[in-house]
Amino acid sequence: MSRGGRGGFGGGRGGPGGANSGAMQLVSFDMLKDLSSGGLFNVNTALFPEMDVPIPRKPNSSETSQWKFKEDFLKQVHESAYHLVPPPPKPDIERYSDKYKKATVRRKTLREIDTDFDFFPEELQSVIDSSKIKKKPKVQKVDETFNLDEIMNAEGEGKDGEDEEGKEEGKDGEAGSDIEFDEEGEEEELVDDNDYAQNYFDNGEDEDFDDDDGDGGAGDYY
Amino acid sequence: MSQQARLCREIIEEEFGPFVAKVAHQILLKGRLTLPDIVRFTKLTPKQIRESLVVLIQHGLAFFTEAVEGQKEQTHYQVSAEQTLMRLRMPAIMQVAEERWEEIGVDICRLLFIHGRMKIGGVRDWVKGDSKRKDKMDQYIKAFTKMANEHYIIAVLPEHSRSAVDRYLEAEQKESEKYTITTAKEIQAIKKSALESVEAEYGMLENAGLKRKAIDAISSAHKRMAVEIEDMEVDEKIYFHINYERFNILFRNNSVMDYAIERINRTAGQIVKAFFEHGKNKIRSLHENDSPSATPMHIANIIPQDVIDQGDIVLQPDLINPGKKPSVQDIITGYITLLKIDSAGFVRSRDELGSSQYSINFLKLRENMKRKLLEGLVREKMGVATCRILRILIEKGKLDESQVQKLAMLPPKDTREKLALLNLRGFVEIQANRLDVNEVPRTADRAPGRSFHLWYVPLEKIYEELLVDVYRTVANLQQRRRQELKVRSRLLEKLNRQDVKENIDLLGEGDKAEITQMDKVLERIEISKKRLDQMIMILRDF
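Per-chain numbering applies: the sequence of each chain, read as written, is numbered from 1 onward. As a convention, the first chain written is A and the first ligand written is 1, with the rest following in written order. Only residues with pLDDT of 70 or above have their local features reported here, since the model is predicted, and side-chain atom pairs are shown and tallied only from 80 upward, although totals for entire chains, interfaces and linings are computed over all residues. Only hydrogens and water are set aside; all other atoms, that is, all heavy atoms of the structure, feed into the side-chain values.

- Looking at an unreviewed UniProt entry, one finds chain B named DNA-directed RNA polymerase III subunit RPC3, with Phycomyces blakesleeanus as its source organism.
- UniProt positions are given in the numbering used here, feature names are shortened, and annotations may be inferred rather than shown by experiment. Reading the Sequence similarities (unreviewed entry) entry of the UniProt record for chain B gives the comment "Belongs to the RNA polymerase beta chain family."
- Listed in UniProt under the heading Subunit (unreviewed entry), the comment for chain B reads: "Component of the RNA polymerase III (Pol III) complex consisting of 17 subunits."

- If you check an unreviewed UniProt entry, chain A appears there as DNA-directed RNA polymerase III subunit from Phycomyces blakesleeanus.
- As its UniProt record puts it under Function (unreviewed entry), chain A is described as follows: "DNA-dependent RNA polymerase catalyzes the transcription of DNA into RNA using the four ribonucleoside triphosphates as substrates. Specific peripheric component of RNA polymerase III which synthesizes small RNAs, such as 5S rRNA and tRNAs."

1. A word on the overall build of chain B
Then, in step 1: Each helix corresponds to a stretch of at least 4 residues labelled H or I by DSSP, and each strand to a stretch of at least 2 residues labelled E; elements are numbered beginning at the N terminus. Helices and strands together make up the secondary structure of chain B, namely 25 helices and eleven strands.
Then, in step 2: Working definition: with a 1.4 Å probe on protein chains only, accessible area under 20% of the residue-type maximum means buried, over 50% means exposed, and in between means partly exposed. Counting every position in chain B, which comprises 542 residues, the buried fraction comes to 47%.
Then, in step 3: Throughout, a residue-residue contact means that at least one pair of heavy atoms, one from each residue, lies within 4.5 Å. For chain B, the share of sequence-separated contacts (at least 6 apart) that also reach a separation of at least 24 residues comes to 65%.
Then, in step 4: Residue exposure ignores everything except the shown protein chains as possible cover, and the areas themselves are Shrake-Rupley values with a 1.4 Å probe. For chain B, the exposed area adds up to about 29200 Å²; of that, 51% sits on carbon and sulfur atoms.

2. Comments concerning the packing of helix H18 (residues 362-382) of chain B against helix H25 (residues 509-541) of chain B
All names here are of chain B.
Then, in step 1: Lines fitted to the C-alpha atoms define the axes, with helices restricted to the stretch that makes contact. Angles between their N-to-C directions range from 0 to 180 degrees. Running from amino to carboxyl end, H18 crosses H25 at an angle of 130°, the nearest separation of the two axes being 9 Å. When the interaxial angle is binned, H18 and H25 end up oblique. Remark: the crossing between H18 and H25 carries left-handed chirality. Across the interface between the two elements, Met-369, Lys-370, Leu-373 and Leu-377 from H18 touch Met-535, Ile-538 and Leu-539 from H25. Oblique is the label for every angle not falling under 35 degrees (roughly parallel), over 145 degrees (roughly antiparallel), or within 65 to 115 degrees (roughly perpendicular). Crossings are assigned a handedness: left-handed for a near helix turned anticlockwise from the far helix by less than a right angle, right-handed for a clockwise turn.

3. Brief notes about unusual backbone geometry
All names here are of chain B.
Then, in step 1: Of note in this structure, Lys-43 is not a glycine but carries a positive phi near 60°.
Then, in step 2: On the secondary structure map, Lys-43 appears in the loop between helix H3 (35-42) and helix H4 (46-58).
Then, in step 3: Even without a glycine there, the phi angle at His-151 is positive, about 65°.

4. Some details on the packing of aromatic side chains
Then, in step 1: By convention, a stacked pair of Phe, Tyr or Trp rings (six-membered ring in the case of Trp) has centres within 6.5 Å and planes under 30 degrees apart, an edge-to-face pair has planes over 60 apart, and any other such pair is tilted. If you walk through the whole model with that rule in mind, you get seven aromatic pairs over all chains.
Then, in step 2: Plain terms: the ring middles of Trp-126 of chain B and Tyr-140 of chain B are 6.3 Å apart, the flat faces sit at 70° to each other, and that makes the pair edge-to-face. Here Tyr-140 of chain B lies in helix H8 (residues 137-149) and Trp-126 of chain B lies in helix H7 (residues 120-129), a separation of 14 residues in the sequence.
Then, in step 3: Aromatic pair Phe-144 of chain B and Phe-240 of chain B: ring centres 5.6 Å apart, planes at 90°, arrangement edge-to-face. Of this pair, Phe-144 of chain B sits in helix H8 while Phe-240 of chain B sits in strand S7 (residues 239-242), and the two are 96 residues apart along the sequence. Here Phe-144 of chain B and Phe-240 of chain B have matching classes, each one buried.
Then, in step 4: Taken together through their ring pairs, the aromatic side chains of Phe-73 of chain A together with Phe-113 and Tyr-244 of chain B make up a single cluster.
Then, in step 5: Distance and angle both matter: a charge sits over a ring if NZ of Lys or CZ of Arg is within 6 Å of the ring centre and within 35 degrees of the ring normal. Here the guanidinium or amino end of Arg-40 of chain B rests over the ring plane of Phe-41 of chain B, the centre of that ring lying 5.3 Å away.

5. So, the UniProt feature "domain: RNA polymerase III subunit RPC82-related helix-turn-helix" (unreviewed entry) in chain B
Then, in step 1: The UniProt record marks residues 7-66 of chain B with the feature "domain: RNA polymerase III subunit RPC82-related helix-turn-helix" (unreviewed entry), using the residue numbering of this structure.
Then, in step 2: Segment residues 7-66 of chain B splits into 73% helix and 10% strand. End C-alpha atoms: 28 Å apart.

6. A short note on the interface of chain A and chain B
How big an interface is tends to be stated in terms of accessible area lost as the parts join.
Then, in step 1: At the interface, 54 residues of chain A touch 63 residues of chain B.
Then, in step 2: Buried area: the accessible area, evaluated with a 1.4 Å probe, that two parts lose upon being put together, summed over both parts. A combined buried area of about 5200 Å² lies between chain A and chain B, and 61% of that area is made up of carbon and sulfur atoms.
Then, in step 3: In what follows, salt bridge is the name for a side-chain nitrogen of Lys or Arg lying within 4 Å of a carboxyl oxygen of Asp or Glu. For the interface between chain A and chain B, the tally reads five salt bridges.
Then, in step 4: The partner of Lys-70 of chain A in a salt bridge is Glu-526 of chain B, with the nearest N and O atoms 3.0 Å apart.
Then, in step 5: Identification of polar contacts relies on pairs of N or O atoms within 3.5 Å, with a donor-acceptor requirement for protein atoms, meaning one able to donate a hydrogen and the other able to accept it, and with residues adjacent in sequence counted only if both atoms are side-chain atoms. The interface formed by chain A and chain B contains eleven residue pairs in polar contact (both at pLDDT 80 or more).
Then, in step 6: Going through the elements one at a time, helix H3 (61-79), helix H4 (98-101), helix H5 (125-128) and helix H8 (178-200) of chain A are the ones with two or more residues in the side of chain A that touches chain B.
Then, in step 7: In terms of residues, the side of chain A that touches chain B owes the most to one element, H3 of chain A, which gives 15 residues.
Then, in step 8: Polar here means any residue outside two lists: the nonpolar Ala, Val, Leu, Ile, Met, Phe, Trp, Tyr, Cys and Pro, and the charged Asp, Glu, Lys and Arg; Gly therefore counts as polar. Partitioned by chemical class, the residues of the side of chain A that touches chain B number 22 nonpolar, 16 polar and 16 charged.

7. A short note on a negative patch on the surface
All names here are of chain B.
Then, in step 1: Residues qualify for a patch when their relative accessible area is over 30% and they have no salt bridge, like charges being joined within 9 Å and the nonpolar side chains of Val, Leu, Ile, Met, Phe, Trp and Tyr within 5 Å. The charged-residue count follows a simple rule in which Lys and Arg add positive charge and Asp and Glu add negative charge, with His and chain termini not counted at all. The location of each charge is read from NZ of Lys, CZ of Arg, CG of Asp or CD of Glu. Together, Glu-367, Glu-460, Glu-464 and Glu-465 make up a negatively charged patch on the protein surface.
Then, in step 2: Turning to its location among the elements, Glu-464 is positioned in helix H22 (residues 459-487).
Then, in step 3: Its relative accessible area of 58% is what places Glu-464 among the exposed residues.

8. Points about the domain arrangement of chain B
Residues and elements named next belong to chain B.
Then, in step 1: The split into domains, and so the bounds of each, comes from an automatic or database assignment of domains. Taken domain by domain, chain B consists of domain 1 (3-81), domain 2 (87-213 + 230-244), domain 3 (247-360), domain 4 (365-441 + 448-457) and domain 5 (461-541).
Then, in step 2: Between domain 3 and domain 4, roughly 650 Å² of surface is buried when both sides are summed, and carbon and sulfur atoms account for 53% of that area.
Then, in step 3: The largest share of the area that domain 3 buries against domain 4 comes from Val-256, Tyr-259 and Ala-344, three residues that together contribute 53% of it.
Then, in step 4: At the junction of domain 3 and domain 4, the tally comes to one salt bridge.
Then, in step 5: When the shortest N-O distance is used, the salt bridge between Lys-372 and Glu-262 registers 3.4 Å.
Then, in step 6: Seen at the junction of domain 3 and domain 4, the total is one residue pair in polar contact (both at pLDDT 80 or more).

9. A few points about the environment of His-287 of chain B
Residue and element names in this part refer to chain B.
Then, in step 1: Note on placement: His-287 falls in the loop between helix H14 (266-278) and helix H15 (296-302).
Then, in step 2: Under the relative-accessibility criterion, His-287 is labelled exposed at 55%.
Then, in step 3: Measuring from C-alpha to C-alpha, the distance between His-287 and Asp-541 comes to 8.4 Å, with 254 residues separating the pair along the chain.

10. Comments concerning the confidence of the model for chain A
Residues and elements named next belong to chain A.
Then, in step 1: The share of residues in chain A with pLDDT of 70 or more is 36%, and the mean pLDDT across the chain is 60.
Then, in step 2: Ranking the elements of chain A by mean pLDDT puts helix H1 (residues 2-14) last, at 40, and H3 first, at 88.
Then, in step 3: For every residue, the pLDDT score states the predictor's confidence, bounded by 0 at the bottom and 100 at the top. Residue range residues 158-193 is modelled with pLDDT below 50. Its contacts to residues more than four positions away, or to other chains, number 19 contacts.

11. Focus on the sheet that holds strand S2 (residues 62-65) of chain B
Residue and element names in this part refer to chain B.
Then, in step 1: DSSP bridges decide pairing: two strands pair if at least two such bridges lie between them. An order of S1-S3-S2 is seen for the three strands of this open sheet, with the pairing classed as antiparallel. Single-partner strands in this sheet number two, and they are strand S1 (33-34) and S2.
Then, in step 2: Both S2 and strand S3 (residues 76-79) contribute to a ladder of four bridges, which runs antiparallel. In the sheet register, Thr-65 faces S3, and the bridge partner there is His-76.

12. Topic: the pattern of salt bridges
Residue and element names in this part refer to chain B.
Then, in step 1: Applying the stated criterion across every chain yields a total of 31 salt bridges over all chains.
Then, in step 2: One salt bridge in this structure joins Glu-14 and Lys-529, with 3.9 Å as the shortest N-O distance. Within this pair, whereas Glu-14 is found in helix H1 (residues 3-16), its partner Lys-529 is found in helix H25, the two being separated by 515 residues in sequence. No difference in accessibility class separates Glu-14 from Lys-529, as the two residues are buried.
Then, in step 3: Put simply, Glu-401 and Arg-416 hold a salt bridge, and the shortest N to O gap is 2.9 Å. Residue Glu-401 is located in helix H20 (residues 401-408), and its partner Arg-416 is located in helix H21 (residues 412-425); the two are separated by 15 residues in the primary sequence.

13. A short note on the side chain of Arg-531 of chain B
Then, in step 1: Note on placement: Arg-531 of chain B falls in helix H25.
Then, in step 2: Not counting residues up to four positions away in its chain, the partners in contact with Arg-531 of chain B are Pro-56, Arg-57, Lys-58, Pro-59 and Glu-63 of chain A.

Next comes the structure, spelled out in structure tokens:
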């Protein structure tokens, strides 16, 4: 029963395509005429009065040719690099129709368009200029706050160490624009916060320990 | 929500996808934005936003201002609503291109619309890559050069991507640095010189991107020919994009011609066309009030003989020799007089330039075309009588209700009803005036008992509201189109399958019928949009 009802729903929606509006999906126009009340719904209300909607003139030849031009253009622009689409969904289960849905034409990316870089501001040039790919500075897995080895090495190697570090920092600085830098800075601050929590927050347990030890030590004297 | 912004969003979404549309919409609603602002308002990732901005700038829809050296400012972006709305006119532009340069012109226009701007080398590469058209390479180059020479496509310089207002402000800043103390007069002088310098930069672009063909000075015959033709070559390094203004001028001229044909007769339309042909090279901007002037001699030279021989004008017969056919000069002068007398004001005489100089009077024509549009609208929506009342009020100014009733020849109850209806829809307004005025009243007290009311038509306000209404309608049409496509998404998926693309017969009969139905629906929507776009042209651009 309910299965049949649901099947009716699904069939009504998917079948005839665009002919039905939202409210009339379940009922076809023939049924409407048969019912004596003139329809299941009262269509003639104050907000939606019965109107004699005028029909537009038929298109003349120049209008149809313009429509053809527009259609052509839309098809081509949808395939071009300028039509940005959402990233493809993650691969789901394999389906039979997948083999027919492959897009054989590879889109050009925005890097490959032919344009003058002078038209664009600095921050956008990385999008079109394939030589200016921003290298994200590597997320440092090493603990940033306290690395004795680095400091020891830096002091020990003297000039060489400084030069190397200087070069690395320089690369990081160039690779990012101002905004990238701000974002990186914000991320670093957040990272720092976590380190702060890790490094400096004591639950109080350690303190008790220390106290005990202190007392124990002091107690020895007693 | 701003109707114009909504319409721009729909246009961009149709062509470039939802992300670019969202970015453009936010910038249009909020004015200028920087990149972090856009991130905040649209909640898209910075990479997507950057790509969207690149697309917008490439197509000339967005401008940016970069920080001046030394100041730590971020780049601001703004979107131009006018350029976006021009894209609505794309099918009409492509049709004009087809009439003038056939399929080659259409291809070039389409390329420019898809890529925003191209070098002539880009066209060359595209033609090379396309197997069907490889052999027509020089035709393409020739067409491109011709279009550039006639200013249908125009060069893009880096300054164009940076907004004009900021340039002007910068120039002003530079100028004001020269003075230490600025009086009011000096401030004005600064503003003026800043404006001039910006326009000098901007105005040089007329022939930018073109250079004279290098001619061999030795062969004198060749040199003479080159000087006569005056065609210039296209500079290989410059990018070109469509010059909407030039196409708009063409549309406007065609519109005026059609109007003349409708009001007078076909030959009058030809005469108007001849006026435009004569002034073709001198019309630069759409906003000029007069066309370049012409004498009947010029017109006579341009019009082909068979048009004159049609003899559809009845002139004063020659007193001496009644059987003689009127001369060309007489016919032309007769038509010009007819155009001058007509209340639409097509032609007016320009006596200050010399005797018998005439030019097309755009100022009056603009008003008349707008008025015709308004009257047609009121007539369709509210009936002939109401339209009559509106016309009376437009022509006479401010009238009392009883005067309206007398002039409109309607019973008083009807006039009151119709005036109320017009007031409801915003076509007329009431002005309240005090009744007891012998001297200037001290208070603005306008109690209904003591004042009389006049009805009038606020024309400028109506035109602006009408424009917003048309924008809303076009945006609604576009939304309807999206809805129709959404409802048919399964069908569209089927159509996108690889095997169906190769062999359409794989679909059943019902599916094919649905496809034709869908095409019909989309065509109707698109054509309605195009007709509304013509209304927009009259209201806004002419």
